[in-house]
Amino acid sequence: MLSIDNKYYTWQELTKEFPDKWVVIENATLDSGGFIVSGNLIGVCSDNEIDDFVVSCYKEDKHISYERTTD
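Computed from a predicted structure; not experimentally measured. (Residues numbered from 1 in each chain as written. Predicted model: local features only at pLDDT ≥ 70, side-chain atom pairs only at ≥ 80, totals over all residues. Heavy atoms only, no water.)

A.B. asks: Now, about the packing of aromatic side chains: what can you tell me, with residues and values included?
C.D. replies: Summed over the entire model, instances satisfying the criterion amount to two aromatic pairs. Their ring planes at 70° and their centres at 5.9 Å tell us that Tyr9 and Phe18 sit as a pair that is edge-to-face. Just as Tyr9 is buried, Phe18 falls in that class too. The interplanar angle of 50° and the centroid separation of 5.9 Å between the aromatic rings of Trp22 and Tyr66 together place this pair among those described as tilted. A residue pair is termed long-range when its members are at least 10 positions apart, and Trp22 in strand S2 (residues 22-30) and Tyr66 in strand S4 (residues 64-68) qualify at 44 residues. Using a relative accessible area of 22% as the deciding quantity, one classes Trp22 as partly exposed. (Phe/Tyr/Trp six-rings, centres within 6.5 Å; stacked < 30°, edge-to-face > 60°. Buried < 20%, exposed > 50% of the residue type's maximum accessible area, 1.4 Å probe, protein only. Helix = DSSP H or I, 4+ residues; strand = E, 2+ residues; numbered from the N terminus.)

Set out below in structure tokens:
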């Protein structure tokens, strides 16, 4: 897993820089459908890392959103 130190990204930047990865965003701006528009990137994970990272964020009481950059 790649940990990122709160760098602000737009969704377009995330999909371009981290294809085929899960991105974990703290204090995200979401669209009306609940999808990430922008926010502070705190983690980039593969498919087998995302669950453990999300659980650790919830345990630390972080307000996160996460999405896969490509289907």
